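Results of the structural survey
The primary structure of each chain is shown beneath.
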Amino acid sequence: MTSFDTAPQLNVWRALLALAVVFVMLATSGWTALHSHRAASPLQASRSAWEHGSIAGQRLPDPDSAPDRLAHFFTTLDAPQLARLAHRYPLAVGNMNGAPVTLRYEANRLALKHERKVEHKRMHDNRLSSLGKHDAGRRMHRYEALLHKSRKILAFDPNGSGRVAEVFGNLDKADRVSVVVPGVDTDLLTFQRTYRKYSAPAGMAGSLYRAERAADPGTRTAVIAWADYTAPNGLGIDAATAMRAEDGAVRLNALVRALPGTTEVALYCHSYGSVLCGVAARSLPSRVSDIAVAGSPGMRTGKAANLHTSARVWAMRDADDWIQDVPYMEVGGLGHGADPVSKGFGARVLSADGAKGHAGYFEPGTDSLRNFAEIGIGAYRAVQCAHDDDACRTGLSAGASV
């Protein structure tokens, strides 16, 4: 167990305990939000309409059916029927694991156009405060950006702070697929940034896709910026527990199982995203070949072996990353376990030279991005390890690409 003999660790630990007390008070006092009387979200309304809908005189399948069953259903439809479903139920189809990815792109484009009109109307609604109008304007501009003709939106949910996933490359024809799983404060409005571009999911994934293409133009890759889970907001109780990670792990598992083809999938899990990947690891399909974590507060376990995954587990942390000062432990549900870059954890520890701070791992020109790209194309023996030992490269010669 990590020692408590330093002042920074004591302060963090006390803060975690204080947050736990607050959380218990909120839960037991009935102050937690009630959802039973809320109106259906746009996605829920679209799914409900789908559940009562039909095509060519046949009832539509359960939207929660297994992806392979839904995929088979869509193969029985012709192009006009597919288009009709996308127009009738855009959010349901756009978020349906098992639907053809090109149909999901089109459905989400229709949903984004509708939500853009909603927010444009709200911008000029005099019943809203100036702050409300400003928020509507920010959302409208985000939707406009996502509607650019070059963008391929795989998932979109406007409810609350919002969720979104975007594809770089051709997902249907990819030889290898990479999925970027971001951390705290990830939502629709933070999905992309102009300033500090590579600290946002879209910037991370775009940077990784370009690095993979540069490393091996002959390998067809696709990268998914996956902000399709409700991430913790700030460094409060949600970030100190696995609650958001457990919900997100279910969604990540569903995404991977619904990806087209049988290509290998690598996960790149940043910050709290590594907590999510740690929770998800044991349930992920065997097509997940690699789980790479950066700036991790822990993966909810003491050793990589306890993740019970056949995937290679990689870890990196920049020397300037503040995450190294958090207490690497788990007590009563608080904290996320051992340090993934520690020798005892058992991950393959990679160099992160050049990455500045906690959010700089996908910056072009860094060892961290180069290492991610080599993993993404399967060139495992080309990675730069953090230490001059054999642990990072053990077993890579068998079945690993050169």
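First, a word on scope: everything that follows refers to the structure included in this document. (Residues numbered from 1 in each chain as written. Predicted model: local features only at pLDDT ≥ 70, side-chain atom pairs only at ≥ 80, totals over all residues. Heavy atoms only, no water.)

1. Quick notes on the pattern of salt bridges
Spelled out, the test is: Salt bridges, as used here, are contacts in which a Lys or Arg side-chain nitrogen is within 4 Å of a carboxyl oxygen on Asp or Glu. Relative accessibility thresholds used throughout: buried, under 20% of the residue-type maximum; exposed, over 50%; partly exposed, between the two (1.4 Å probe, protein chains only).
Inspection of the entire model under this criterion finds 14 salt bridges. The shortest N-O distance in the salt bridge between arginine 127 and aspartate 125 comes to 2.9 Å. Residue aspartate 125 is classed as buried on the basis of its relative accessible area of 19%. Three or more residues joined by partner-sharing salt bridges are found here, namely Asp157, Arg163, Asp228 and Arg251.

2. Here we look at the state of the cysteines
Every disulfide links exactly two cysteines, by a covalent bond between their sulfur atoms. Filter applied, for reference: Two cysteine sulfurs form what is called a disulfide whenever their separation falls within 2.5 Å.
Applying the stated rule across the entire model yields 2 disulfides. Take the cysteines of the protein that form disulfides and number them in order along the sequence; they join up as 1-2, 3-4.

3. Some words on the pairing of strand β6 (residues 221-227)
Worth spelling out the cut-off: Under the DSSP-based scheme used, a helix requires at least four consecutive residues in state H or I and a strand at least two consecutive residues in state E, with every element numbered from the N terminus. Any two strands with at least two DSSP-identified bridges between them are counted as paired.
With 7 of its 7 residues buried, β6 lies for the most part within the structure. Alternating positions in β6 separate into two faces, Thr221, Val223, Ala225 and Ala227 on one and Ala222, Ile224 and Trp226 on the other, with burial throughout. The pairing of strand β4 (residues 163-169) with β6 spans 6 bridges and is classified as antiparallel. Within the sheet, the bridge partner assigned to glutamate 166 lies in β6 and is alanine 225. In this sheet, β6 lies alongside strand β5 (residues 176-181) in parallel orientation, the contact comprising 5 bridges.

4. Digging into the packing of helix α10 (residues 243-258) against helix α11 (residues 272-280)
Heads up, the condition is: Axis definition: a line fitted to C-alpha atoms, limited for helices to the stretch in contact. Angles are taken between N-to-C directions and run from 0 to 180 degrees. Working definition: roughly parallel below 35 degrees, roughly antiparallel above 145 degrees, roughly perpendicular at 65 to 115 degrees, and oblique for all remaining angles. Left-handed describes a crossing whose near helix is turned anticlockwise from the far helix by less than a right angle; the clockwise case is right-handed. Any two residues whose heavy atoms approach within 4.5 Å are treated as being in contact. Amino acids outside the nonpolar list (Ala, Val, Leu, Ile, Met, Phe, Trp, Tyr, Cys, Pro) and the charged list (Asp, Glu, Lys, Arg) are all regarded as polar, and Gly is one of them.
At a closest axis distance of 8 Å, the pairing of α10 and α11 adopts a crossing angle of 60 degrees. When the axis of α10 is compared with that of α11, the two are oblique. Taken as a pair, α10 and α11 cross one another with a handedness that is right-handed. Of the residues in α11, those touching α10 at Met243, Arg244, Ala245, Glu246, Gly248, Ala249 and Leu252 are Tyr272, Val275, Leu276, Cys277, Val279 and Ala280. Of the residues contributing to the contact of α10 with α11, the split by class is 10 nonpolar, 1 polar and 2 charged.

5. A word on the sheet that holds strand β7 (residues 264-270)
Strand order across the open sheet formed by 8 strands is β3-β4-β6-β5-β7-β8-β9-β10, with mixed pairing between neighbours. Bordering the open sheet on either side are β3 (152-157) and β10 (348-349), each of which pairs with just one other strand. Helix-sheet contacts for helix α8 (residues 201-215) involve β4, β5, β6 and β7, and the interaxial angle to β6 is about 170 degrees.

6. Comments concerning the environment of alanine 386
Tracing the sequence through the fold places alanine 386 in the segment after α12 (367-376). In this structure alanine 386 touches Val349, Leu350 and Ser351, once residues within four positions along its chain are discounted.

Purely geometric stuff here, so don't read any function into it on its own.
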